[in-house]
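Commentary on secondary and tertiary structure
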Amino acid sequence: MALVSPSRLALLALVSISAFCLYKSRRLRRQKKLLLLSSSSPNPSRGKIFFASETGTSKTLASRLSAFLRSEGLDLDLVDPADYEPDDLLRETLVVFVASTWEDGGPPRNAGFLARWLEDGSADFRVGSAALAECRFAVFGVGSRAYGLRRFNAFARGLSGWMRGLGAVEVVRRGEGDVDGGGVEVEFERWSQRLVGVLKAEGFEGDEEEGTDSEEDVEAEESGVVDLEDIAGKGPSRRSSSSVLKSMVLNGEENGLKEMVTPVIRTSLEKQGYKIIGSHSGVKLCRWTKSQLRGRGGCYKHSFYGIESHRCMEATPSLACANKCVFCWRHHTNPVGKSWKWKMDDPLEIVNAAIDQHRKMIKQMKGVPGVNNERLSEGLAPRHCALSLVGEPIMYPEINTLIDELHRRRISSFLVTNAQFPEKIRALKPVTQLYVSVDAATKDSLKAIDRPLFGDFWERFVDSLKALYEKEQRTVYRLTLVKGWNAEDIDAYSSLLGVGNPDLVEIKGVTYCGSSATSKLTMENVPWHADVRAFSEALALKSNGEYEVACEHVHSCCVLLAKVTKYKVNGRWHTWIDYGKFHDLVASGKPFSSEDYMAPTPLWAVYGAEEGGFDPDQSRYKKERRHGAAALQT
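Residues numbered from 1 in each chain as written. Predicted model: local features only at pLDDT ≥ 70, side-chain atom pairs only at ≥ 80, totals over all residues. Heavy atoms only, no water.

Rules: UniProt positions are given in the numbering used here, feature names are shortened, and annotations may be inferred rather than shown by experiment.
For the protein chain, an unreviewed UniProt entry supplies the name tRNA 4-demethylwyosine synthase (AdoMet-dependent) and the organism Acorus gramineus. The UniProt entry for the protein chain carries this comment under Catalytic activity (unreviewed entry): "N(1)-methylguanosine(37) in tRNA(Phe) + pyruvate + S-adenosyl-L-methionine = 4-demethylwyosine(37) in tRNA(Phe) + 5'-deoxyadenosine + L-methionine + CO2 + H2O". Check the Pathway (unreviewed entry) section of the UniProt entry for the protein chain; it says "tRNA modification; wybutosine-tRNA(Phe) biosynthesis."

Written out as structure tokens, the structure is:
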């Protein structure tokens, strides 16, 4: 192949200078950063593995690929594109991209500058189509089909097109993994094996068939006929015949509908302690249930609303969700979707199976220190159901029938929705307490924190709050404070109070759930209880007396605001619930309101009480934590 001519290099240098003017401030910052790095820059004669990563998934995969190639005698430099000069691509002979697709189908932030350089260069006729003629490349994309086929791995596709537009040769077909279909690991391993085989083959020359997508490929890709989720990530070739595609669809679905929980997702959730019910539901034993079984205190719902934590069942009829929140407790092991597209189990069977599985988990507590027979016997007969385990329960088409079945058994219902399905909220029958997660107060921060699938997520969010306004029973805004993300927008949160007019506002500090490839949160993002108190008091003050701070649960780092005109009767708070009265009201079939089933709040749960929301009838237990040299003592 011919080398790049000196005149072409000179022309490209002029183009680069004009591009530098556009990005001058950013380049200066990057140059300062590079001066602090080791003086030994990556060797341009060696291949490069670039990781375009926002949450760490692509970086992890790229590191794994680097180790694998090294074990095969192929040593490539692992490079963060944020620390790389795009002009150096002119001297590269082999580059590999492991690239995530981020917001609106664009690149992660660490690859933004490189992406603009490639896109501008491939579109500039002055640069030409042979600038990277000496360079071979390969791309593996990390994306989510839940955001739509056109955005699925859009950045990875863009990289392939831009590199080819500059004359580079794609040595293996682009790999594409679906993080929500459970197929990333399988697809990446296959793609890595193909890449190694090609690189080790002597005298290899990439050809068009292996490196480009035909029009037929694109049409098959956008048709949605085959979804990686259908077959646990083991996707067919895009060149599969129509008969093979049809066969795979029929074998992976039932009556045109697939199961929500794939084998990969099931395995992941079961490892986390979930009991999977049927094809889309789950139940899990809450740590606070175990705690109150042992007489060591209940959760914040016990302090705020009189829930008996040892008689509470945590469940969901839909493991799927329409958001991919940065603080997700489940690290996004559950599926996502914008509508119900799966097989549907019978609501009665779900309730029966949930109670059965819950009872089995309760029985396993027999003999645990602190658990007595009376509490164990009570725990075997759940009286409360928290429909907030994971996912979006309101997505389940038979949610009203399921709630009716719970109430028929005199089991209370606490349902949490993520504010993306306003029409479902309006169609919902009365529940004991209805929550809407208000994870942010502005459009930009909501997009950054919840990472919603819907393009009109903000309109859906606001409309969900308006739907809450129309409810007669107890309604709650649930705020999760994440330092550095959403804990500073007091005025914006205050303005949202008038939209949904909630009875109550729960304000809780985010729970740190360990490191995850899908979340960048650290302990630095977890507020102290003092921070939550200060935020709560400030928000109450902004309401001009409409809300006051009513309760707190120090152990959960949680504070409750309540509407004064409803819940403060003769100077005393009434945030607790008369559950028997609620079930009688439901059974009557007559309209009723939240004030019809409220009960007095015990003084130990009131904000500022010495107990800090801890039930004095329980025994406080603190684990002994020893660190450093003390931990080595026996």
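**Thoughts on the sheet that holds strand E7 (residues 275–277)**
The following threshold applies: By definition, two strands form a pair when at least two bridges between them are found by DSSP. The way it works is that DSSP assigns letters per residue, a run of H or I at least four long becomes a helix, a run of E at least two long becomes a strand, and they are numbered from the N terminus. Comment: axis = line fitted to C-alpha atoms, over the contacting stretch for helices; angle = value between 0 and 180 degrees taken between N-to-C directions. Only heavy atoms matter for contacts: two residues are in contact if any of them lie within 4.5 Å across the pair.
Spatially, 10 strands are ordered E7-E8-E9-E10-E11-E12-E13-E14-E16-E15 in an open sheet, and the strand pairing comes out mixed. The open sheet has two edge strands with one neighbour each: E7 and strand E15 (547–553). Neighbouring strand axes in the sheet, compared pairwise and without regard to direction, differ in orientation by 25° on average. Taken together, the 3 bridges between E7 and strand E8 (residues 281–284) define a ladder with antiparallel strand orientation. The partner of Lys275 across the bridge, within E8, is Val283. Lying over the sheet, helix H13 (residues 347–363) contacts E7, E8 and strand E9 (312–316), oriented at roughly 25° with respect to E8.

**A look at the pattern of salt bridges**
Filter applied, for reference: When a carboxyl oxygen of Asp or Glu is within 4 Å of a side-chain nitrogen of Lys or Arg, the pair counts as a salt bridge.
Tallying each qualifying case throughout the model produces 29 salt bridges. One salt bridge in this structure joins Asp404 and Lys429, with 2.6 Å as the shortest N-O distance. Within this pair, whereas Asp404 is found in helix H15 (residues 399–408), its partner Lys429 is found in the loop between helix H16 (422–427) and strand E12 (433–437), the two being separated by 25 residues in sequence. A salt bridge links Arg426 to Glu470, with the nearest nitrogen and oxygen atoms 3.3 Å apart. With Arg426 in helix H16 and Glu470 in the loop between helix H18 (457–469) and strand E13 (474–481), the pair connects residues that are 44 residues apart, well separated along the chain.

**Brief notes about the packing of helix H19 (residues 490–500) against helix H20 (residues 529–542)**
For clarity, the threshold we go by: For classification, angles of less than 35 degrees are called roughly parallel, those exceeding 145 degrees roughly antiparallel, those between 65 and 115 degrees roughly perpendicular, and all remaining angles oblique. Left-handed describes a crossing in which the near helix is turned anticlockwise from the far one by less than a right angle; the clockwise case is right-handed. Under the scheme applied, nonpolar residues are Ala, Val, Leu, Ile, Met, Phe, Trp, Tyr, Cys and Pro; charged residues are Asp, Glu, Lys and Arg; polar residues are all the others, including Gly.
One can describe the packing of H19 onto H20 by two numbers: an axis separation of 9 Å at closest approach and a directional angle of 50°. Regarding the angle of H19 to H20, the classification is oblique. Crossing geometry of H19 relative to H20 is assigned as right-handed. Residues Ile490, Asp491, Tyr493, Ser494 and Leu497 of H19 lie in contact with H20, whose contacting residues are Phe535, Ala538, Leu539 and Lys542. Counted by class, the contact of H19 with H20 contains 6 nonpolar, 1 polar and 2 charged residues.

**Things to note about the pairing of E9**
Defined as follows: Exposed residues in this analysis have more than 50% of their type's maximum accessible area, buried residues have under 20%, and partly exposed residues fall in between, with area computed by a 1.4 Å probe over protein chains only.
Across the 5 residues of E9, 5 count as buried, placing the element largely inside the fold. The alternating pattern of E9 places Cys312, Glu314 and Thr316 on one face and Met313 and Ala315 on the opposite face, and all of these are buried. As paired strands, E9 and strand E10 (residues 384–387) are joined by 3 bridges and run parallel to one another. Bridging across to E10, Cys312 finds its partner in His384.

**Details of the packing of H13 against H15**
Where H13 contacts H15, the axes come no closer than 9 Å and their chain directions differ by 45°. Judged by the inter-axis angle, H13 sits oblique to H15. Judged by the twist between their axes, the crossing of H13 over H15 is right-handed. Here Pro347, Leu348, Ile350 and Val351 of H13 come into contact with H15, specifically with Thr401, Leu402, Glu405 and Leu406.

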